[in-house]
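An overview of the molecular structure
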Amino acid sequence: MHNTGPASGYQAYDQPPGPDRSARNQAGARRTALAICTIADIAAGLLALWIVLHLLDANQVNPFVEFVHGTADWLSGWAQDIFTMDTEGLRVVLNYGLPAVIYLLIGHGIATRINRA
């Protein structure tokens, strides 16, 4: 006796996935995409928050401002001093704003790609 079918409980590769498996995969993909979007949004939000705090001349020794500044420096470390303007405010907006936009574009692009798959 020669059985070429899948073992009991397993799906053959040439058959479309069952409704339960497909729904679980889609739900998992949506959760993953949501997590990626959330991480990108938080990163961009912290960078934008630092830009606002800097432009409003927030107290630099305040623990919250120190935390936001340190986190923004870490998130934008790869883009520091790309723009070297004489105007401090414009330099901060560009050097921290560019990474924020890039995080949003890449994060949401990856999430869209995952949702389509």
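Residues numbered from 1 in each chain as written. Predicted model: local features only at pLDDT ≥ 70, side-chain atom pairs only at ≥ 80, totals over all residues. Heavy atoms only, no water.

Thoughts on the nonpolar core
- With 15 residues, the main nonpolar core has L47, W50, L53 and Y96 as its most contacted residues.
- At the level of secondary structure, the elements contributing two or more residues to this core comprise helix 1 (19-55), helix 2 (63-75) and helix 3 (88-116).
- Tallying contributions element by element places helix 1 first for this core, with 7 residues.
- Dropping the residues within four chain positions of it, L47 is found in contact with A72, L75, S76, Y96, P99, A100 and Y103. (Core = buried A, V, L, I, M, F, W, Y, C linked by side-chain atoms within 4.5 Å. Buried < 20%, exposed > 50% of the residue type's maximum accessible area, 1.4 Å probe, protein only. Helix = DSSP H or I, 4+ residues; strand = E, 2+ residues; numbered from the N terminus. Contact = heavy atoms within 4.5 Å.)

A word on the packing of aromatic side chains
- Under the definition given, this model contains 2 aromatic pairs.
- Taken together, a centroid distance of 6.4 Å and an interplanar angle of 70° make the contact between W50 and Y96 edge-to-face. Placement of the pair is W50 in helix 1 and Y96 in helix 3, with a sequence separation of 46 residues.
- Summarising the aromatic geometry, the rings of W78 and Y103 are spaced 6.3 Å apart at their centres and angled 80° between planes, so their arrangement reads as edge-to-face. Highlighted residues: W78 in the loop between helix 2 and helix 3 and Y103 in helix 3, separated in sequence by 25 residues.
- You can call W78 partly exposed: its relative accessible area is 47%. (Phe/Tyr/Trp six-rings, centres within 6.5 Å; stacked < 30°, edge-to-face > 60°.)

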